[in-house]
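Structural characterization, general
Chain by chain, the residues:
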Amino acid sequence: MNTTHAIKDISQIQTLMDVYPPYSKNRLLLEYAIRTGLRISDILNVKVGQVLGKDSYQIVEMKTGKKKELAIHDRLKQSILDYVEREGLAATDYLFYSNANKNSHIKRTQAHRIIAHAGDMIGITLSAHSLRKSFGYHSYKQGVDISLLQTIFQHSSQAVTLRYIDITQENINNVYKRVDFGF
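Residues numbered from 1 in each chain as written. Predicted model: local features only at pLDDT ≥ 70, side-chain atom pairs only at ≥ 80, totals over all residues. Heavy atoms only, no water.

If you look the protein up in an unreviewed UniProt entry, it shows as Phage integrase family protein from Trichococcus collinsii.

1. Re the overall build of the protein
As a reminder of what qualifies: Secondary structure elements follow DSSP: runs of H or I no shorter than four residues count as helices, runs of E no shorter than two count as strands, and numbering proceeds from the N terminus. In this description the radius of gyration comes from C-alpha coordinates, and the expected globular size is given by 2.2 Å times residues to the power 0.38. When checking whether two residues touch, look at their non-hydrogen atoms; a contact exists if any pair is within 4.5 Å. The Shrake-Rupley method, run with a 1.4 Å probe, gives the accessible areas here. Residue values count only the displayed protein chains as cover. For the purpose of charge, His is not counted, nor are the chain termini; Lys and Arg are scored as positive and Asp and Glu as negative. Where a charge lies is defined by one atom per residue type, namely NZ (Lys), CZ (Arg), CG (Asp) and CD (Glu).
Of regular secondary structure, the protein possesses 10 helices and 2 strands. Taken against the 2.2 N^0.38 rule, which gives 16 Å for 183 residues, the C-alpha radius of gyration of the protein at 17 Å falls within 12% of a compact globule. Summarising its shape, the C-alpha atoms of the protein cover approximately 65 × 35 × 35 Å along the three principal directions. The long-range share in the protein, meaning contacts at least 24 apart out of those at least 6 apart in sequence, stands at 57%. Total accessible area on the protein stands at roughly 10500 Å², and carbon and sulfur atoms take up 51% of it. Across the protein, the centroid of the 24 positively charged side chains sits 7 Å from that of the 17 negatively charged ones.

2. Focus: the side chain of Asn171
In this fold, Asn171 is placed in helix α10 (residues 169-178). Every residue in contact with Asn171, bar those within four places of it in the chain, is listed here: Lys8, Tyr137, Lys141 and Asp166.

3. Some remarks on the packing of helix α2 (residues 25-36) against helix α7 (residues 128-141)
Test applied: Axis lines are fitted to C-alpha atoms, over the contacting stretch for helices. Their N-to-C directions set the angle, which ranges from 0 to 180 degrees. Relative orientations are named as follows: roughly parallel for angles under 35 degrees, roughly antiparallel for angles over 145 degrees, roughly perpendicular for angles from 65 to 115 degrees, and oblique for any other angle. Crossing handedness is read from the near helix: turned anticlockwise from the far helix by less than a right angle, it gives a left-handed crossing, and turned clockwise, a right-handed one. In this classification, the charged set is Asp, Glu, Lys and Arg, the nonpolar set is Ala, Val, Leu, Ile, Met, Phe, Trp, Tyr, Cys and Pro, and all remaining amino acids, among them Gly, are polar.
The interhelical angle for the contact between α2 and α7, taken along N-to-C directions, is 45°, at an axis separation of 7 Å. Here α7 runs oblique to α2, going by the angle between their axes. As for how α2 packs across α7, the hand of that crossing is right-handed. When α2 is examined against α7, the residues Leu30, Ala33, Ile34, Arg35 and Thr36 are found in contact with a partner set consisting of Leu131, Ser134 and Phe135. A class-by-class count of the residues in the contact of α2 with α7 yields 5 nonpolar, 2 polar and 1 charged.

4. Overview of the nonpolar core
Under the convention used in this document: In this text, buried Ala, Val, Leu, Ile, Met, Phe, Trp, Tyr and Cys residues form a nonpolar core when linked through side-chain atoms within 4.5 Å. For the exposure calls, accessible area comes from a 1.4 Å probe over protein chains only, and a residue counts as buried if that area is under 20% of its type's maximum, exposed if over 50%, partly exposed in between.
Leu29, Tyr32, Tyr57, Ile80, Leu95, Phe96 and Leu131 are the most contacted members of the largest nonpolar core, which has 41 residues in total. Elements with a minimum of two residues in this core: α1 (10-16), α2, α3 (40-44), α4 (48-51), β1 (56-60), α5 (74-87), α6 (108-122) and α7. Sorting elements by how many residues they give to this core places α2 first, with 6 residues. Setting aside its immediate chain neighbours within four residues, Leu131 contacts Ile7, Leu16, Leu30, Ala33, Ile34, Ile115 and Leu126.

5. Section: the environment of Arg108
Tracing the backbone shows Arg108 in helix α6. Under the relative-accessibility criterion, Arg108 is labelled partly exposed at 46%. Each C-alpha atom, one on Arg108 and one on Ser41, is 7.1 Å from the other, the two residues being 67 residues apart in sequence. Sequence-distant contacts of Arg108, defined by excluding residues within four places in its chain, comprise Ile40, Ser41 and Leu44.

What follows is the structure, encoded as structure tokens:
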């Protein structure tokens, strides 16, 4: 079984975002996944009207059945606007619509292919779950409290969340090496 990992190097994320053209469906899929930390099943079900011009929106997570409010990052809002205008999408359209049938969204397998291909292009193994974990990892590294991430991911404990976002023994050892008591 393959284990997915967070992308820990921010420059790799920046390189990843340049794999697909700006305002393309594929690029927006990468950005949406990494900025929201949502599961791919929840991302694919988003309709334009839920997110276009909104500061936040509510979803019912497919896996858990729980309601969740999600704030939309300003840059993601702009990317959505640019993409929707470019594609001429209506409020009732799926954000990640299928080219074969605009009344449907792309399938999970297609989303996984898009994401894996982007990873291949920069020389890393990548999945939708990697992007979810990357959201958590970088949020934590930027000072987001682990208890908030535990709530976002709906994990049973902080230990589960730390393991999920790849806070490994190496990171723990770095704490021991960096703590300075002034003597």
